[in-house]
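Here is how the chains run, residue by residue.
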Amino acid sequence: MWKHYLKVAGRNLKRSKIFSFINIIGLCVGLTCSMLILLFVKDELSFDKFHEKGQHIYRITTEATFKGQTRLSSNTGLLEGPKFTRHVPGIKAFVRYQSDGTDFKKGTEVQSLNLFRADPNFFQVFSFPLITGDPNTCLQAPNAIVLSKDEAIRQFGSTDILGKTVLLKEDTVFKPYTVTAVAKNCPQNSSIRFNALSQFQRSGKEEANPENWFNSYLNTFVLLDDQVSPQQVEKQMQNYYLKDASSSFKALLQKYGIPESEVSMEIYHLQALPGMHLDKTISSGNGIRSTSDPLYSYILSGIALFILLIACINFINLTIARSIKRAKEIGIRKVVGSDKKQLIIQFMGESALLCLIAFGLAILLTEALLPLFNTLANKSLALSYLFDTQLAVEFIALFAITSFIAGFYPAIVLTRFEPTKILYNRFQVQGKNYLQKSLVVVQFVLATFLVVLTFVLYQQFNFLTSADLGYDDSNLVLVEQYNTRPKGDLFKKDLLKNPGIVAVAARKAGSHTTLAKISDGAVLNFRQDIITANYLNELKIPIIAGREFSTANPTDSIDKVLVNEAFVKEAGWKDPLGQKITFTTQDNKIMQVIGVVKNYHYSSMNDPIQPQLFKWEDISKLNAFYIKLQPGMSNSTLDYIKSSYQQLFPLSPFSYSFMEDSNKQQYSDIAKWRQILLFGGLITILISFMGLFGLSVLASERRKKEIGIRKVYGASVRSIIQLLTTDYLKLVVIAMVIATPVTILAASKFLQTMLYRIPLSWQLFIIPDIMVILLAFLTVYIQTRQSAITNPVKSLKDE
């Protein structure tokens with residue numbers, strides 16, 4: 001019996017090539033998307049769950065309030081780990097972890113090394129297996145270093161390297177570090193990723209200084225006892241902190257002149273290690289991999305569900321539409337004794353066979369597309385994930401559900417046909433096909449939704465990457481230099497000898513914030529930039545009041561500053577020129593405002609412009625060089641910059657970046673989701689239009705005699721095309737009407753997450769809707785025109 005079912009199913013697939021192709025390709029694409037998304041979601045949910053003690057490891061986080069504004073942070077000071085472990089019951093151990101990038105020397109070549117520091121018990125708390133070395137002792141020595149497998153091979157060509165040394169720069173001297181262990185490469189789903197790890201070192205004097213409660217710059221993890229609750233430990237941590245640090249906190253406020261009413265002591269929390277990756281409320285840093293928004297998983301899962309649903313709708317629609325072609329087969333089967341159960345098994349079996357073929361192709365397509373998907377999603381997923389037991393069960397369930405959804409309803413419809421009507425040619429598909437039309441509408445609602453959202457995301461991305469930042473970043477190269485005695489003046493003079501270089505300015509590298517007191521006694525928190533006198537002029541940042549720094553006034557570098565508009569607004573000044581600012585962190589040094597700088601976006605446009613203050617410093621003491629190049633410069637100019645740099649700073653690695661590229665890189669997340677939505681939109685459109693094409697083919701076949709009669713009575717090709725296309729275009733328009741309010745709501749929610757955003761105009765919805773309608777028309781027109789120009793003699797012949 002089963003052999004007979006398979007034989008009939010195979011013949012049916014062969015006889016209906018175009019519809020089998022549409023169904024198999026549609027299901028294959030839908031299943032491929034679902035597989036890729038399942039891999040992505042599995043990876044997101046599995047972060048940091050490989051640690052044996054992971055359920056009891058927590059990161060200490062802080063909640064700080066300044067002037068009524070609350071800020072959550074993952075950074076802690078030097079003291080939290082050791083003090084809480086000694087004085088809070090339930091904490092068994094602590095590990096501090098910090099990024100400490102440096103340079104290493106190999107022969108005469110100097111390269112950058114992303115070094116991390118951790119307490120000696122790092123490998124006893126976290127489960128990072130070692131290839132060689134002892135996890136209990138490998139970080140005990142101050143000059144010990146642990147390399148990952150990849151780093152060991154990169155440095156020495158082997159993992160058998162215990163006892164070998166690498167030269168790491170400390171200040172201006174390269175010191176030998178001994179390799180005491182080689183670790184397996186950190187898993188892709190680990191928030192902690194290191195290639196080189198050394199001991200976290202601080203002096204006893206620093207550990208005894210109570211001010212280090214408030215100098216936050218590292219991550220602190222604690223291992224809790226199995227019998228205690230995190231909430232209980234949090235409460236005890238806070239009580240001890242208030243008891244031990246209150247006097248130091250008040251002394252600091254008094255030292256820097258900060259009113260107690262404007263700032264409060266921090267509140268400590270515990271964040272579970274397995275929950276770090278998907279917690280966007282607390283930003284990561286200092287060696288912890290960036291967090292991910294769980295919204296990404298929801299969006300991708302939604303796209304996969306949309307695509308799979310559209311493919312199933314195609315299957316159902318095409319199967320029902322083709323039912324009239326198989327009517328006599330069903331009638332004969334019923335006459336010779338087939339019951340409803342046997343027919344359902346037959347048609348469900350055909351559905352399962354199609355799904356099985358599509359499933360096999362989907363696995364092959366998934367493997368082929370993984371590199372592209374990894375690039376889009378910034379992942380390193382592998383097909384080996386498919387062999388995970390849980391994921392295999394999910395895929396089998398996906399196959400079963402897809403087969404059932406795609407085949408059950410058509411099987412029920414087909415087995416209801418009455419054999420007497422079928423065999424006497426009195427059979428017709430009853431009703432007005434409301435289900436079929438509804439499914440077409442659902443298809444295009446989903447397709448239109450994705451297309452419009454993709455269009456909105458494209459426009460927002462284009463807006464962010466082309467908006468006026470408030471300064472000129474074109475042909476601007478940034479070269480940063482660390483850990484070597486500054487020679488910025490010599491570097492500038494040498495660079496300006498090249499005709500391809502227009503100007504050179506500099507600032508102190510990094511982002512620096514500080515506190516100061518203004519004339520009415522209020523304390524402001526602001527970004528401080530140390531710059532050369534020509535910095536603002538080179539970047540074309542306007543001065544809107546007062547004047548800029550001038551080499552004609554050497555005292556400007558001693559007691560004069562510039563502030564931006566946001567600083568003036570925060571200070572509440574009506575006339576900022578001449579205002580005095582007292583730097584309580586610099587022995588109450590007083591400086592005078594001589595100019596106001598127009599606000600500009602020094603960071604991403606997703607971040608608000610904060611108060612900013614500028615001080616003038618000689619270029620010889622600065623280390624971030626902004627080099628303005630002639631338009632259309634050649635690679636020889638960059639080679640010249642590199643040569644000059646290496647001559648002056650032989651112990652520092654050379655690297656550069658174009659500011660235009662760096663600014664666009666800030667929106668890499670939006671660019672990534674723009675691409676993912678684009679692919680999702682294209683796939684939904686492709687599958688939807690394949691189904692629409694198949695339905696138009698079947699409609700033309702079903703109505704071929706009607707078309708022939710109309711042509712005999714003088715109907716034009718145009719009127720027949722209009723007759724055959726109108727019904728489907730009406731369904732597409734109805735779908736757009738339904739999709740529009742939902743899409744407007746989704747687009748509005750998305751744009752509200754952007755600080756600077758495009759206006760929500762009607763063009764964002766009308767333009768993609770028109771594109772969908774035109775494509776739908778062309779899809780149906782291609783087939784209906786062929787039917788309309790067919791000779792009526794052929795269509796009116798008896799079978």
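First, a word on what this report is: a plain description of the structure on this page. (Residues numbered from 1 in each chain as written. Predicted model: local features only at pLDDT ≥ 70, side-chain atom pairs only at ≥ 80, totals over all residues. Heavy atoms only, no water.)

Some words on the overall build of the protein chain
For the protein chain, the count of helices and strands is 24 helices and 24 strands. Classification of the 799 residues of the protein chain by burial places 49% in the buried group. Put simply, 80% of the contacts in the protein chain that link residues at least 6 apart link residues at least 24 apart. With an accessible surface of roughly 38200 Å², the protein chain has 56% of that area assigned to carbon and sulfur atoms. (Helix = DSSP H or I, 4+ residues; strand = E, 2+ residues; numbered from the N terminus. Buried < 20%, exposed > 50% of the residue type's maximum accessible area, 1.4 Å probe, protein only. Contact = heavy atoms within 4.5 Å. Areas by Shrake-Rupley, 256 points an atom, 1.4 Å probe, with all protein chains shown as cover.)

Regarding the nonpolar core
With 70 residues, the main nonpolar core has Phe 40, Tyr 535, Leu 536, Phe 549, Phe 614 and Tyr 626 as its most contacted residues. Take this core: its biggest share by element is 12 residues, from helix α2 (residues 17-45). If we skip the residues at most four places from it in the chain, Tyr 626 touches Leu 476, Val 477, Leu 478, Ala 503, Val 504, Ala 505, Ala 506, Arg 507, Tyr 535, Glu 538, Leu 539 and Met 659. Ranked by size, the runner-up nonpolar core spans 26 residues in total, among them Ala 93, Val 95, Val 125 and Ala 181. (Core = buried A, V, L, I, M, F, W, Y, C linked by side-chain atoms within 4.5 Å.)

Here's the deal with the packing of helix α14 (residues 488-495) against helix α18 (residues 635-648)
At their nearest, the axes of α14 and α18 sit 10 Å apart, and the two run at 150 degrees to each other. Considering the angle they form, α14 stands roughly antiparallel to α18. In this structure, the crossing between α14 and α18 has a hand that is right-handed. Contacts from Leu 490, Phe 491, Asp 494 and Leu 495 of α14 reach α18 at Tyr 640, Ile 641, Ser 644, Tyr 645 and Leu 648. Partitioning the contact of α14 with α18 into residue classes produces 7 nonpolar, 1 polar and 1 charged. (Axes fitted to C-alpha atoms, helices over the stretch in contact; angles between N-to-C directions. Parallel < 35°, antiparallel > 145°, perpendicular 65-115°, else oblique. Left-handed = near helix turned anticlockwise from the far one by under 90°. Nonpolar A, V, L, I, M, F, W, Y, C, P; charged D, E, K, R; others polar.)

Some details on helix α3 (residues 80-87)
All buried positions along α3 are accounted for by Glu 80, Gly 81, Pro 82, Lys 83 and Phe 84. Buried residues along α3 sit in contact with β1 (57-66), β3 (91-99), α6 (204-208), β12 (219-224), α7 (230-256) and β13 (267-272).

As for α7
Along α7, the sharpest change in direction is near 55 degrees and occurs at Ala 245. Within the sequence span of α7, burial applies to Pro 230, Val 233, Glu 234, Met 237, Gln 238, Tyr 240, Tyr 241, Ala 245, Ser 248, Phe 249, Leu 252 and Leu 253. Of the residues flanking the end of α7, it is Gly 257, one or two places downstream, whose phi is positive at about 70 degrees. (Bend = angle between axes of the 7 residues up to and from the residue.)

Concerning the packing of α3 against α7
Packed helices, taken two at a time, are described by the angle their axes make and the gap between the axes. Orientation of α3 relative to α7, taken along the N-to-C sense of each, is 110 degrees, at an axis distance of 10 Å. Here α3 lies roughly perpendicular to α7, going by the angle between them. Crossing hand, α3 versus α7: right-handed. Counting all contacts with α3, which are made through Lys 83, Phe 84 and His 87, the residues of α7 involved are Met 237, Tyr 240, Tyr 241 and Asp 244. For the contact of α3 with α7, a count of residues per class yields 4 nonpolar, 1 polar and 2 charged.

Some points on unusual backbone geometry
Its identity as a non-glycine residue notwithstanding, Asn 475 has a phi of 55 degrees, on the positive side. Considering the arrangement of structural elements, one finds Asn 475 in the loop between α13 (434-466) and β14 (476-480). What makes Asn 475 partly exposed here is its relative accessible area of 24%. Even without a glycine there, the phi angle at Asn 588 is positive, about 55 degrees. A relative accessible area of 45% places Asn 588 in the partly exposed class.

Examining a nonpolar patch on the surface
There is a patch of nonpolar side chains on the surface, built from Trp 762, Ile 766, Ile 770 and Leu 774 and spanning about 420 Å² of accessible area. With respect to the element layout, Leu 774 can be found in helix α23 (residues 763-788). (Patch = residues over 30% accessible without salt bridge, like charges linked within 9 Å, V, L, I, M, F, W, Y side chains within 5 Å. Salt bridge = Lys/Arg side-chain N within 4 Å of Asp/Glu carboxyl O.)

Structural notes on the environment of Val 29
Looking at the element boundaries, Val 29 is found in helix α2. Each C-alpha atom, one on Val 29 and one on Leu 308, is 7.9 Å from the other, the two residues being 279 residues apart in sequence. Here Val 29 is in contact with Ile 307, Ile 683 and Ile 687, once residues within four sequence places are set aside.

A few points about the side chain of Ser 127
For Ser 127, the location among the structural elements is in the loop between α4 (122-125) and β7 (130-132). There is a polar contact of 2.9 Å between the side chain of Ser 127 and the backbone nitrogen of Glu 52. Not counting the four nearest positions on each side in its chain, Ser 127 is found in contact with Phe 50, His 51 and Glu 52. (Polar contact = N/O pair within 3.5 Å; in protein donor to acceptor, adjacent residues only side chain to side chain.)

Some thoughts on the environment of Leu 539
Structurally, Leu 539 is set in the loop between α15 (535-538) and β18 (543-546). Sequence-wise, Leu 539 and Ala 505 are 34 residues apart; in three dimensions their C-alpha atoms are separated by 8.8 Å. Residue contacts for Leu 539: discarding those within four places in its chain leaves Tyr 471, Asp 472, Leu 476 and Tyr 626.

As for the packing of aromatic side chains
Per the stated rule, a full pass over the model turns up 34 aromatic pairs. Plain terms: the ring middles of Phe 84 and Tyr 268 are 5.3 Å apart, the flat faces sit at 85 degrees to each other, and that makes the pair edge-to-face. Of this pair, Phe 84 sits in helix α3 while Tyr 268 sits in strand β13; the two residues are 184 residues apart in sequence, bridging distant segments of the chain. Across this residue pair, the class does not change: Phe 84 and Tyr 268 are buried. (Phe/Tyr/Trp six-rings, centres within 6.5 Å; stacked < 30°, edge-to-face > 60°.)

Quick look at the pattern of salt bridges
Using the criterion set out here, one finds 15 salt bridges in the structure. The shortest N-O distance in the salt bridge between Lys 628 and Asp 472 comes to 2.9 Å. Of this pair, Lys 628 sits in strand β23 (residues 624-629) while Asp 472 sits in the loop between α13 and β14, and the two are 156 residues apart along the sequence. Classification of Lys 628 by relative accessible area gives buried; the value is 11%. Asp 472 gets classed as buried once you look at its relative accessible area, which sits at 18%. Of the charged contacts in the structure, one is a salt bridge between Arg 547 and Asp 556, with a shortest N-O distance of 2.8 Å. For Arg 547, a relative accessible area of 32% gives the class partly exposed.

Re the side chain of Asn 663
As for its placement among the helices and strands, Asn 663 is situated in helix α19 (residues 659-665). Beyond its immediate chain neighbours, meaning those up to four positions away, Asn 663 contacts Leu 469, Tyr 471 and Asp 473.

Observations regarding the environment of Lys 106
Considering the arrangement of structural elements, one finds Lys 106 in strand β4 (residues 102-106). Judged by relative accessible area, Lys 106 falls into the partly exposed class, the value being 39%. With residues up to four places along the chain from it excluded, the contact list for Lys 106 reads Arg 154 and Gln 155.

What about the pairing of β23?
Burial analysis of β23 places 6 of its 6 residues in the buried class, the great majority of the element. Of the two faces of β23, the one carrying Ala 624, Tyr 626 and Lys 628 and the one carrying Phe 625, Ile 627 and Leu 629 are both buried. Sheet analysis places β14 next to β23, joined by 5 bridges and oriented antiparallel. Paired with Val 477 across the strands is Ile 627, a residue of β23. Strand direction decides the pairing type here: strand β15 (residues 501-507) and β23, joined by 6 bridges, are antiparallel. (Pairing = 2+ DSSP bridges.)

Some thoughts on the state of the cysteines
Inspection of the entire model under this criterion finds 0 disulfides. Between Cys 28, a cysteine without a disulfide, and Cys 33, which holds the nearest cysteine sulfur, the sulfur-to-sulfur distance is 9.3 Å. Residue class for Cys 28 comes out buried when judged on its relative accessible area of 5%. (Disulfide = S-S within 2.5 Å.)

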